[in-house]
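Summary of structural features
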Amino acid sequence: MKYSILGLSLMSALTAVAIASTGAIKNVDDEASLIAAFTAANSNSGISTIMFKHNATIQLTAPVIYTGTQPLKLVGNKTTIDGSAAGSFTLDGNLTAITSDGTLVFNTSANIDISNLTVANSATRGIVINVPGDADGEDISVNLYKVDILNSALYGLHIDDNADEFDDGTAGSAIGVDLRITRSSFIGNGTGAIDFDGIRVDERDEGDINATIISSQINGNGGDGIELDEAGNGGVYGTMVRVSMNGNGFYNETDLDDGFDIDEADAGGIEFSLVNVTVNDNKDEGLDFDEAGEGTAEVKLRRVSAQNNADEAIKIDEEDEGNIEITLSRVSVTGSGDDGIQFTELGEGKIEGKLIKITTSNNAKYGIKMEQWVFEDEASPAEEAGEVEIKKVILSGNGSGDEIATNNVTLK
């Protein structure tokens, strides 16, 4: 029987793995040993850790796929995985990419923990977590620490809990997604086809998205820097601290994208806090939060800088039953291609909150616009006015004037 060189290497690596399988596989440093490690973890639930050699470089010729049921930890030790030859995609008639490939693929509802690893130049997606449709019980936890995902043709990181191939509909699993990212970067992804982001989470059916992102860079991606997309029974909750989302959204010139995009539909709301965050030079909105169905959009921004975004710098839309609840402090917005800050409440609900120490300048339209409607452009207000406290707010050089534009919102 004849074996390829890779096949012989894999057989040798599997033998070494079998000897070393005491819960951790160590010294992964090439494609054969990485495939062997994943193969062993897929078949042996006692393997919980895969450790790479320090500063290794691994060239892949195909995606590496995990299908185990146990939590898995990858300890990168500053290894770089090059996925430029791992997988492929095709384009349909609408120029939408179709693929199931990724450089590292995890088909599991078990927790995934990755540290000190770079995934670069992926031919499709960088890291993919596919949540099985029959998953139930505890939410899946994805924890990335010092992980860099660079120059993927499609998504950098994709967590997919959506049964639809094109991410439509509301069919998914009964669990949610807990995502934590620390000291990581997602740069230059989404440059091979339209609508692919640095980070994308698709959550459907039951369950929430909970996201915490600390001290990270999400810059220069062709689609959105990050998109959290939730539909079904569940909301989007999270925190960002010391994060940049700059220069995203340039790939599709006919439908440009945002720095940070949250889409929440059906039952459930948005509760998100951003502290010490920059959203500059994005080709559509800087921050774009859309909440529809039953639920409130509650957004807190502190020390946020949003400069030179091509559309609104900060936009919150809430539709149907629910409120917009805002607390903004020490926020600076300048050079937006539309309104600097825009809040729109459509349906039964109010705009409420505080704007403290806000500067909006040189935006193409209004510096700040807040509109509350039951039915858009109604002849007279059909519900009680919203109320927003204004303190130390400065507007200057805005194209539509330097007064806060309101409809059925009282400023105090």
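Look a little higher up for the structure.
Every value quoted in this text rests on a predicted model; they were computed, and no experiment measured them. (Residues numbered from 1 in each chain as written. Predicted model: local features only at pLDDT ≥ 70, side-chain atom pairs only at ≥ 80, totals over all residues. Heavy atoms only, no water.)

All right, on to the pairing of strand β16 (residues 209-219) then. As paired elements, strand β13 (residues 177-182) and β16 share six bridges and run parallel to each other. In the strand pairing of β16, Asp-178 is matched with Asn-210. Bridge analysis of strand β14 (residues 185-187) against β16 gives three bridges, and the strand direction is parallel. Bridged to Ser-185 within β16 is Gln-217. Bridging between β16 and strand β18 (residues 236-244) involves eight bridges; their strand directions are parallel. Bridged to Gln-217 within β18 is Ser-244. (Pairing = 2+ DSSP bridges. Helix = DSSP H or I, 4+ residues; strand = E, 2+ residues; numbered from the N terminus.)

This part covers the packing of aromatic side chains. Taken as a whole and judged by the stated rule, the model has six aromatic pairs. Ring centres of Phe-260 and Phe-289 lie 5.3 Å apart, and the angle between their planes is 80 degrees; this geometry places the pair in the edge-to-face category. Of this pair, Phe-260 sits in strand β19 (residues 260-265) while Phe-289 sits in strand β21 (residues 287-292); the two residues are 29 residues apart in sequence, bridging distant segments of the chain. There is no split in this pair, since Phe-260 and Phe-289 are both buried. Each residue in the set Phe-38, Tyr-66 and Phe-106 is aromatic and connected to the rest through ring pairs, giving one cluster. (Phe/Tyr/Trp six-rings, centres within 6.5 Å; stacked < 30°, edge-to-face > 60°. Buried < 20%, exposed > 50% of the residue type's maximum accessible area, 1.4 Å probe, protein only.)

This next bit is on the pattern of salt bridges. Counted under the stated rule, the structure contains 15 salt bridges. Across the pair Arg-204 and Asp-229 runs a salt bridge, and its minimum N-O distance is 3.7 Å. Residue Arg-204 is found in the loop between β15 (199-203) and β16, and its partner Asp-229 is found in strand β17 (residues 226-231); the two are separated by 25 residues along the sequence. Of the two residues, Arg-204 and Asp-229, neither departs from the other in class, the shared state being buried. Here Asp-288 makes a salt bridge to Lys-315, at a shortest N to O gap of 2.8 Å. Of this pair, Asp-288 sits in strand β21 while Lys-315 sits in strand β23 (residues 314-319), and the two are 27 residues apart along the sequence. On the basis of relative accessibility, which here comes to 7%, the residue Asp-288 falls in the buried class. Taken together, the salt bridges that share partners define one network made up of Asp-197, Arg-200, Asp-202, Arg-204, Glu-227 and Asp-229. (Salt bridge = Lys/Arg side-chain N within 4 Å of Asp/Glu carboxyl O.)

Turning next to the sheet that holds strand β27 (residues 368-373). Strand order in this open sheet of twelve strands is β4-β8-β10-β12-β15-β17-β19-β21-β23-β25-β27-β29, and the pairing throughout is parallel. Each edge of the sheet is formed by a strand with only one pairing partner; in this case those strands are β4 (64-66) and β29 (405-407). Strand-to-strand twist of the sheet, defined as the mean angle between neighbouring strand axes without regard to direction, takes the value 5 degrees. Two elements, strand β25 (residues 341-346) and β27, share six bridges in a ladder whose sense is parallel. Each residue of the ladder has a partner; that of Glu-345, found in β27, is Gln-372. Together, β4 and β8 (104-107) form the strand contacts of helix α2 (residues 31-43), whose direction differs from that of β4 by roughly 15 degrees. (Axes fitted to C-alpha atoms, helices over the stretch in contact; angles between N-to-C directions. Contact = heavy atoms within 4.5 Å.)

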